[in-house]
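# What the coordinates show
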Amino acid sequence: MIEDLRRLAHGTAIAADICVLGAGAAGITLALELGRSGLRVCLAEGGGTEFEYLESQALYQGVNVGIPISLEGGRLRYFGGSTNHWGGRCAPLQDIDFRRRDWIPHSGWPVQRAELDPYYVRAIEVAGFAKPWQSDADTLAYLRAVLPAVDARWLMPFLWHYTPPMKDAPVWKWANAYGAELRESSNIRTLLHANFAAFTTGMNRSRVRSMTVSSLNGVSATITASTFILCCGGIENARLLLLGAEQNSGGFASQDDLVGRFLMQHSRGPAARVVSAERMTRVQEQFNILRGADGVEVEVGLALTPQAQESERLLNCSGVMQYEGDPDSGVTAAQEIWRSLLAGTWGPNLGDKVGILAEDLGSVLQAVKLRVASGHSLEREASAGIPSRSAILLLDLEQAPDPQSRITLAQDKDALGLRRVQADWRVGELERRTALQFTTHVAADFARLGIGRCKLEPWLFDGRLAMTDSLHETYHYIGTTRMAESSAEGVVDRNCAVFGMENLYVAGSSVFPTAGQANPTLTIIALALRLADFLKQRPQ
Amino acid sequence: MNCNPQSEAHAAAGIGRRDCLRGVIGAVLAGLSLHFDRLLPWQQSDLEHWLRSFGAHAIGDGALLRRLGALYLAGHPEECDRARLTHLLSGAHAALRGSNVFESVARDWREHEVELLEGWLLARTEARVCALLHLTQGAAA
């Protein structure tokens with residue numbers, strides 16, 4: 001059932017086997033897995049079913065003291081969490097992402113990729129894919145994509161899978177997909193507008209006894225459970241542990257001062273402009289968003305090979321092509337006319353553009369057909385289908401773990417009287433070197449293969465320019481409650497249990513010790529499924 | 001011929017007797033250079049053709065490629081000499097031929113012998129052809 005805390009009696013006591021805080025991808029996945037196994041689950045979500053800007057969402061406001069991050073805009077505090085603005089782009093982390101890399105301090109997971117493989121298979125289903133993914137080679141063969149022979153010493157094709165559209169959403173959204181099951185479930189009690197207010201612990205602070213949740217209109221409830229799981233995202237998970245330690249004068253992995261450290265984020269942005277004297281028709285059939293008749297949709301790009309990362313001592317990095325309209329194309333002319341009309345003007349050179357459009361009407365009709373058939377945004381489709389002579393190489397860049405890049409508690413308090421978050425996000429020079437090397441490899445290969453010539457962005461080679469002025473956030477906040485073998489190296493153990501706490505767990509990207517270059521959602525789900533399996537086997 | 005594109009701005013400053021002498025010597029040298037150029041197995045049009053074949057025309061027009069050549073020479077002043085560049089581009093071969101240059105460019109891309117000039121990534125051989133074009137154009141002018 002789904003209830004609204006605001007409508008419950010103040011002081012309501014709720015008992016459950018497991019309390020899950022946060023109804024995003026991790027929280028909903030965990031609640032369903034555990035609930036289906038017969039356990040009594042209380043799923044507490046701070047927001048409601050819709051975005052509430054001046055109410056719940058404002059609780060995410062905080063202070064930036066480093067490179068600014070979107071504390072408020074980058075996360076969504078309502079049912080479904082940040083999947084509500086998710087693009088549906090999925091890829092697993094690679095083997096090398098889990099390994100200890102001696103050139104990257106603090107790298108290495110206590111689990112390896114092979115251990116996650118079966119959970120990735122299940123995660124694909126949870127993320128809405130109708131059938132298991134084929135291998136990359138088989139997927140490309142199915143899509144009839146023949147890629148050019150890139151230099152396998154440095155580069156390899158990399159595929160991102162897009163979740164299929166839903167009836168009521170362009171990509172898979174947890175609230176839309178699983179809301180009905182949660183509503184109908186008899187042993188999952190979902191509580192909306194239930195914001196974390198306090199933890200109470202036993203005498204030695206090693207066991208959470210209860211959690212108090214409050215609504216913004218002053219209704220509180222106390223949840224007692226044998227197990228508590230924080231699923232509130234890469235920033236809030238750390239904040240809640242810091243608040244728990246403050247409220248209880250210790251515990252919550254506070255002993256080693258690692259909670260909140262190692263804040264990372266994938267950076268995304270333009271690394272080079274690829275130009276060609278001819279139309280890039282062939283390349284657009286290779287490095288692009290490709291679709292099969294049965295709904296399979298993948299984006300094909302390039303990534304650094306593990307060997308290149310190792311030999312050149314680099315982070316992980318990948319790139320995709322975002323095509324620019326050929327000014328001589330009817331599609332570009334139509335787009336420019338359309339944008340001008342939306343802005344309430346005819347725009348410059350209207351006559352010329354209409355002439356180009358009329359001459360190239362076939363391309364325009366084909367582009368319209370593609371957009372209508374796919375149901376995706378015009379922006380994304382324009383990049384995929386537009387006749388082009390140039391493209392932007394967009395990077396997705398791993399960030400190195402840095403203990404100085406961190407989340408702490410600010411002095412300001414939120415509407416519930418809890419200290420707000422303070423972020424000190426830092427990005428190092430290894431990220432720039434990785435981006436430069438990757439882009440150089442791509443540029444050299446594109447020239448060798450006759451694909452096009454690359455002009456690299458100045459931030460890659462001019463150390464005076466701040467990288468983050470040219471790159472933008474992905475809202476993938478990672479690493480603040482990192483998984484490790486011991487409390488001296490991290491906050492949670494290999495089972496996502498908080499060190500020093502008997503019954504407190506963390507799920508989400510905050511437990512990733514390193515970020516890889518792939519979007520984190522699939523790994524978040526895989527780890528949530530693994531944690532659910534672990535908890536199901538434990539006596540509650 | 002000018003290895004430093006920034007120094008052109010100073011050329012218009014006052015002309016004295018010493019400058020006149022330099023001018024005469026320069027003209028004689030330029031004349032000799034042009035004479036020997038005719039003996040070389042390449043012409044400016046060859047350089048332009050080669051660059052087009054490399055796909056460098058996607059980068060920009062001849063003026064841009066010459067500017068990139070000048071930038072290359074600014075970073076490699078020891079190569080600021082047509083004979084030296086011709087020798088480097090010829091490699092192990094007796095003469096500078098298009099086929100040799102194409103092989104060299106392909107090898108540069110494979111081995112990442114590259115130059116980053118104004119953000120453009122060029123094969124080193126390609127950058128040297130641009131440099132030669134810059135020097136040749138300078139001499140012709």
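Below or above, wherever it landed, is the structure these notes cover. Within every chain, residues take consecutive numbers counted from 1 along the sequence as written. Working convention: letters from A go to chains and numbers from 1 go to ligands, in the order in which they are written. Totals for whole chains, interfaces and linings use all residues, but because this is a predicted model, local features are given only for residues with pLDDT of at least 70 and pairs of side-chain atoms are given and counted only at 80 or more. Only heavy atoms go into the side-chain values, all of them from the structure, while hydrogens and water stay out.

In terms of helices and strands, chain A carries 16 helices and 20 strands. Relative to the 2.2 N^0.38 estimate, which gives 24 Å for 540 residues, the radius of gyration of chain A is 24 Å and therefore close to what a compact globule would have. Principal-axis analysis of the C-alpha atoms gives chain A an extent of 75 × 50 × 45 Å. Throughout this description, buried means an accessible area under 20% of the type-specific maximum (1.4 Å probe, protein chains only), exposed means over 50%, and partly exposed covers the range between. Across the 540 residues of chain A, 61% fall into the buried class. Counting from the N terminus, the helices are the DSSP runs of H or I reaching at least four residues and the strands are the DSSP runs of E reaching at least two. For this measure, only C-alpha atoms enter the radius of gyration; the expected value for a globule follows 2.2 Å times N^0.38, where N is the number of residues.

Residues and elements named next belong to chain A. A cavity here means a set of points on a 1 Å grid, drawn over the protein atoms and nothing else, where a 1.4 Å probe fits but cannot get out; a pocket is an open set with protein on both sides within 12 Å along at least five of seven lines, and a residue lines either one if it has an atom within 4 Å of a point. Grid points are joined across faces, edges and corners, and a volume is the space filled by probe spheres set on the points. Here the structure, examined in full by the defined rule, presents one cavity of 30 Å³ or more. Around the largest cavity, the lining residues are Leu59, Arg77, Phe196, Glu236, Arg239, Leu240, Asp414, Leu416 and Leu418. Considering each element in turn, the lining of the largest cavity owes the most residues, three residues, to helix α6 (residues 233–247). When residues are grouped by polarity, Ala, Val, Leu, Ile, Met, Phe, Trp, Tyr, Cys and Pro land in nonpolar, Asp, Glu, Lys and Arg in charged, and all others, Gly among them, in polar. Class assignment of the residues belonging to the lining of the largest cavity gives a composition of five nonpolar, no polar and four charged.

With that out of the way, let us pick up the pattern of salt bridges. Residues and elements named next belong to chain A. The salt bridge definition used is simple: a Lys or Arg side-chain nitrogen within 4 Å of an Asp or Glu carboxyl oxygen. Summed over all chains, the structure comprises 45 salt bridges over all chains. As a salt-bridge pair, Arg40 and Asp17 come within 3.4 Å of each other at their nearest N and O atoms. Note that Arg40 is positioned in the loop between α1 (25–36) and β3 (41–44) and Asp17 in strand β2 (residues 12–21), a separation of 23 residues in sequence. Take Arg40: its relative accessible area is 41%, and that puts it in the partly exposed class. Relative accessible area serves as the criterion here: at 16%, Asp17 is assigned to the buried category. With a shortest N-O distance of 3.5 Å, Lys536 and Asp533 are connected by a salt bridge. Of this pair, Lys536 and Asp533 both sit in helix α16 (residues 521–537), three residues apart, which is roughly one turn of that helix. Residue Lys536 is classed as partly exposed on the basis of its relative accessible area, which comes to 32%.

The next subject is the packing of aromatic side chains. Residues and elements named next belong to chain A. In this scheme Phe, Tyr and Trp rings, the latter by its six-membered ring, pair at centre separations within 6.5 Å, and the angle between planes marks the pair as stacked below 30 degrees, edge-to-face above 60, and tilted otherwise. What the rule picks out here adds up to 13 aromatic pairs over all chains. Centre to centre, the rings of Phe129 and Trp133 are 5.2 Å apart; their planes meet at 85°, and the pair counts as edge-to-face. Centroid distance Phe287 to Phe446: 6.1 Å. Interplanar angle 35°. Geometry classified as tilted. Of this pair, Phe287 sits in the loop between α7 (281–284) and β12 (289–291) while Phe446 is found in helix α13 (residues 429–448), placing the two residues 159 residues apart along the sequence. Taken as a pair, Phe287 and Phe446 share a single burial class, namely buried. Within the aromatic cluster, the residues linked to one another by ring pairs are Trp86, Trp172, Trp174 and Tyr178. The cationic tip of Arg77 hangs over the ring face of Tyr60; the distance from NZ or CZ to the ring centre is 5.0 Å. Think of it as a cone above the ring: NZ of Lys or CZ of Arg counts as a charge over the ring if it is within 6 Å of the ring centre and within 35 degrees of the ring normal.

What follows is about the interface of chain A and chain B. By definition in these notes, contact holds between two residues if any of their heavy atoms fall within 4.5 Å. Counting residues at the interface gives 17 residues for chain A, matched by 19 residues for chain B. When two parts are brought into contact, each loses some accessible area as probed by a 1.4 Å sphere; the total of that loss over both is the buried area. The contact between chain A and chain B buries some 1,400 Å² in all, and 65% of this surface belongs to carbon and sulfur atoms. Considering only the surface of chain A that becomes buried against chain B, A:Ala444, A:Arg453 and A:Lys455 emerge as the three largest contributors, covering 39% of it. Joining chain A to chain B, the criterion identifies one salt bridge. Measuring nitrogen to oxygen at the nearest pair gives 2.6 Å for the salt bridge that ties B:Glu126 to A:Arg453. We define a polar contact as two N or O atoms separated by no more than 3.5 Å, with the added condition that, inside protein, one atom must be a possible hydrogen donor and the other a possible acceptor, whereas residues neighbouring each other in sequence contribute only through side-chain atom pairs. Taken together, the links from chain A to chain B amount to seven residue pairs in polar contact (both at pLDDT 80 or more). Those elements that place two or more of their residues in the side of chain A that touches chain B are α13 and β18 (453–456) of chain A. With six residues, α13(A) is the largest single contributor of residues to the side of chain A that touches chain B. Residue classes in the side of chain A that touches chain B are distributed as nine nonpolar, three polar and five charged.

Attention now goes to the side chain of A:Ser318. Residues and elements named next belong to chain A. In this structure, Ser318 sits in strand β14 (residues 317–324). Of note is the side chain of Ser318, whose polar atom sits 2.6 Å from the side chain of Gln517. In this structure Ser318 touches Trp160, Leu302, Ala303, Leu394, Leu395, Asp396, Phe438 and Gln517, once residues within four positions along its chain are discounted.

To continue, consider unusual backbone geometry. Residue and element names in this part refer to chain A. One non-glycine residue, His106, adopts positive backbone phi at about 70°. Relative to the assigned elements, His106 resides in the loop between α2 (95–98) and α3 (113–126). Of the residues examined, His106 reaches a relative accessible area of 37% and is grouped as partly exposed. Residue Ser249 is not a glycine yet carries a positive backbone phi of 55°. Taking the relative accessible area as the measure of exposure, Ser249 reaches 58% and is therefore exposed.

Further remarks concern helix α4 (residues 82–90) of chain B. In an α-helix there are 3.6 residues to a turn, and that puts residues three or four apart on one side. All names here are of chain B. The complete set of buried residues in α4 reads Arg82, Leu85, Thr86, Leu89 and Ser90. Viewed end-on, α4 has its buried residues packed into an arc of 135°, placing them on one side of the element. Its side-chain oxygen 3.1 Å from the backbone nitrogen of Ala83, Asp81 forms the N-cap of α4. Remark: Gly91 follows α4 within two positions and exhibits a positive phi of approximately 60°. Note that the arc is computed from the directions linking the helix axis to the C-beta atoms.

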